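Structural features, examined
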Amino acid sequence: MVESASTIWRDYVTDGVPSSGKHSPQKSKIREWGRWLERDVAWNLESRADIVGGSLPDSVEFLRTAGYATHGDGGGALYVRLSSPGTEPWQFQSVDGAWWDIADALEYSAEIFGLGLGASDTTAWETAADFITTRGGLLRVPAGEFTLTNDWSVTSKNGWRIIGAGKDVTVFKRADTGTVAFWNIVNSSDYIIADLTLDCQRSNVAVGTGSHALRMDRGENITVHRVKVTDYTDTGIIFFDTADAANGLHDNVSVIECECDGLSNANNGILLNNTRRGLMAHNKVINLGRQGAPQFAIQFKARNVDGKSIGNWIENCRGGVAIGSTDVAAPSNVNCHSSFEIVKGATRALRATYSSFCTMHAEVIDMDEASDAGNPTEDTDEHAVFLNQVDNCVIRIGHLRSYEDTKYVVALPTAVGCTIVIDTWRNVPHTNKFLDLGVGASGNVIEVKNYVGTPFDFPMDLVQNASGSANTFRISSDVMSQRTTIASDAITILNPAVARYRLDTEGAAATDNLATINGGTDGQVVAFTTTTDARDVVLKHNTGNIFLKGAVDRTLSTINDIVLLMFSSFANKWLEV
């Protein structure tokens, strides 16, 4: 063991005993002690520049700095001597020709690379990011605003974490360059990005359609946590697998407690594609797509399995929550679930397309003030619920407030076997449009448990392109009535929940016959009346499928005249009660 300096340079042969005689230090002991000092005790320098500009003894294998530019600036690190010239951008030479590298650790500070300490933000960040994605571990990014003149991209790097000091505290700002993705991560897995903001600068004319704030393309076991993105063009946070057929589904991609603010641009918020057990939870997405087609705040786009979207807050967005995409044919998503969403001011709140066995639950949908002012051509998109090319899906809304410009509250062009339940519908201001059933809609149930507002009359034009298949809709416990116009002595009953039909004559003729009633379910009882005292409707006995008491025709000449008929599926006839 190397002797201490006080032992080597002691005054007496026997320390503290003058009578033992004066001690003469041995040069071999001094050299051994010197080698120990130079080689085995870390040199402590003020800054990284002291290493670069220093000439260090060959025996020094490692040293420590108190800072990057000056002591105490947060950029201090432990460095080790390399046995051969370095090839990485964070490795460097001292003036004596020695090469130095950052020693391995579990955690590193971005100040080690000069970020925020007077060096170029872009160069410092690219070096820091290259280091952490290559070596692994955790990179802590300090508070501050860092402007990047290049978009950052990384490929095939696994097992790393980038953690800032917090949203709106650590801010990466896009400069006047950039094209597709501000941060673009490809073929990488097992990483975390958290606690920072990406400001993509909408005023940057160099960034066009297709630009994403944070684009993750192929990878699994990925977490994006407490990240805020602002002022982007296309999608804020996206996991998008461009080669899904070759790579299959990707497990465990999570976007949690993030924020997207598109500043009213035509864009999407958070989008997952080709994931298994993907998660979007407790995110806030605002100000999206007010001037474009319905682009969605939260979306499972295509080929997702077992995905979950939970507790997201969506406000002032053209599209709310979507499962599926019109770009990808069925089966687009299977067993994906959205729950406890808050959707305020969306013109298409919930949409499911080309998907099966999915559920969507919005605790609140407030469509008040959702209309696109100055953009009336978009009115056809304004639905609380839109289901197309889906089957066996369940939609539930806790509280719905619609507005007078809503196209339809529920639109089902081709849904099959789906259930839509609205716990409370506050129809103020009043809309007279409720349900749009397409010819491909079959076996669906639409129910409003509690209704507040002007009662519905259910006119025939309530149902556009009405399906001939069995679909059921009901509002609260009210007896529902529907107005229908006779055509060629016949009408069609599409809804087994409607208990009264108000009949009008074909072409507003003074008198018209009703001989055949198509549709109906076994045991369904319907009261038939006329629409106005000015026009008579004659129910014909046994001319079609109507059987009347006394085997005689019945004339409805006033709105007070009523005939009750019950449908018998055994006889395939409507029988007077």
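In the block above lies the structure referred to throughout.
Comments concerning the overall build of the chain
The helix and strand inventory of the chain stands at 5 helices and 50 strands. Within the chain, contacts between residues at least 6 apart in sequence are counted, and of these 69% link residues at least 24 apart. Accessible area for the chain stands at about 23900 Å²; split by element, carbon and sulfur atoms hold 49% of it.

Quick notes on the sheet that holds strand β5 (residues 99–102)
The strand order across the open sheet formed by 5 strands is β1-β2-β3-β5-β4, and the pairing between neighbours is mixed. Since the sheet does not close on itself, it has two edges, and those belong to β1 (43–45) and β4 (92–93), each with one partner.

Let's talk about the pairing of strand β49 (residues 563–568)
Consecutive side chains along a regular strand alternate between the two faces of the sheet. In this sheet, β49 lies alongside strand β45 (residues 525–530) in antiparallel orientation, the contact comprising 4 bridges. Within β49, the residue paired with valine 525 across the bridge is methionine 566. Both β49 and strand β50 (residues 573–576) contribute to a ladder of 4 bridges, which runs antiparallel. Looking at β50, one finds that leucine 565 is bridged to glutamate 576. In sequence, β49 turns back onto β50 through a hairpin of 4 residues, with asparagine 572 there showing a positive phi of about 55°.

As for the sheet that holds strand β43 (residues 511–514)
Read from one edge to the other, the open sheet built from 3 strands follows the order β43-β46-β48, with strand pairing classed as mixed. Strand pairing shows two members of the sheet lacking a second neighbour, β43 and β48 (554–556), which therefore form its edges. Averaged over all pairs of adjacent strands, the angle between their axes in this sheet comes to 25°, without regard to strand direction. Judged from the 4 bridges that link them, β43 and strand β46 (residues 536–539) form a sheet pairing that is parallel.

Here we look at helix α4 (residues 121–135)
The end-to-end C-alpha distance of α4, which contains 15 residues, comes to 21 Å, matching closely the 21 Å that a straight helix rising 1.5 Å per residue would cover. Among all positions in α4, only Asp121, Thr122, Ala124, Trp125, Thr127, Ala128, Ala129, Phe131, Ile132 and Thr133 are buried. Looking at the residues trailing α4, positive phi occurs at glycine 136, about 85°.

Some remarks on the side chain of serine 188
One can find serine 188 in the loop between β12 (181–186) and β13 (191–199). Here the side chain of serine 188 touches serine 156 through a polar contact of 3.3 Å, landing on its backbone nitrogen. What serine 188 contacts, discounting residues up to four positions off in sequence, is Val154, Thr155, Ser156, Lys157, Asn158, Arg218, Gly219, Glu220 and Ile222.

Digging into the nonpolar core
In this structure, Trp125, Phe172, Trp183, Ile237, Leu387 and Phe434 are the most contacted members of the largest nonpolar core, which totals 102 residues. With 6 residues, α4 is the single largest residue contributor to this core. The contact partners of tryptophan 183, leaving out residues within four places of it in the chain, are Trp125, Leu148, Trp152, Phe172, Ile193, Leu196, Leu198, Ala213, Leu214 and Arg215. Counting 19 residues, the second-largest nonpolar core is a separate cluster that includes Ile493, Ile517, Val563 and Phe567.

Here's the deal with the packing of aromatic side chains
Evaluated as defined, the whole model comprises 16 aromatic pairs. Ring centres of tryptophan 152 and tryptophan 160 lie 6.4 Å apart, and the angle between their planes is 75°; this geometry places the pair in the edge-to-face category. We classify tryptophan 152 as buried; its relative accessible area is 5%. Taking relative accessible area as the criterion, tryptophan 160 reaches 1% and is therefore assigned buried. Consider the rings of phenylalanine 528 and tryptophan 574, whose centres lie 6.4 Å apart with planes at 85°: the pair is edge-to-face. Of the two residues, phenylalanine 528 sits in strand β45 while tryptophan 574 sits in strand β50, which places them 46 residues apart along the sequence. On the basis of relative accessibility, which here comes to 0%, the residue tryptophan 574 falls in the buried class. Each residue in the set Trp125, Phe146, Trp152, Trp160, Phe172, Trp183 and Tyr191 is aromatic and connected to the rest through ring pairs, giving one cluster.

Overview of unusual backbone geometry
One non-glycine residue, asparagine 187, adopts positive backbone phi at about 55°. With respect to the secondary-structure elements, asparagine 187 resides in the loop between β12 and β13. In this structure asparagine 187 comes out as partly exposed when scored by relative accessible area, which is 31%. With a phi close to 60°, aspartate 231 is a non-glycine residue in the positive phi region. Residue class for aspartate 231 comes out buried when judged on its relative accessible area of 12%.

The rules we used
Residues numbered from 1 in each chain as written. Predicted model: local features only at pLDDT ≥ 70, side-chain atom pairs only at ≥ 80, totals over all residues. Heavy atoms only, no water. Helix = DSSP H or I, 4+ residues; strand = E, 2+ residues; numbered from the N terminus. Contact = heavy atoms within 4.5 Å. Areas by Shrake-Rupley, 256 points an atom, 1.4 Å probe, with all protein chains shown as cover. Pairing = 2+ DSSP bridges. Axes fitted to C-alpha atoms, helices over the stretch in contact; angles between N-to-C directions. Expected span 1.5 Å × (residues − 1). Buried < 20%, exposed > 50% of the residue type's maximum accessible area, 1.4 Å probe, protein only. Polar contact = N/O pair within 3.5 Å; in protein donor to acceptor, adjacent residues only side chain to side chain. Core = buried A, V, L, I, M, F, W, Y, C linked by side-chain atoms within 4.5 Å. Phe/Tyr/Trp six-rings, centres within 6.5 Å; stacked < 30°, edge-to-face > 60°.

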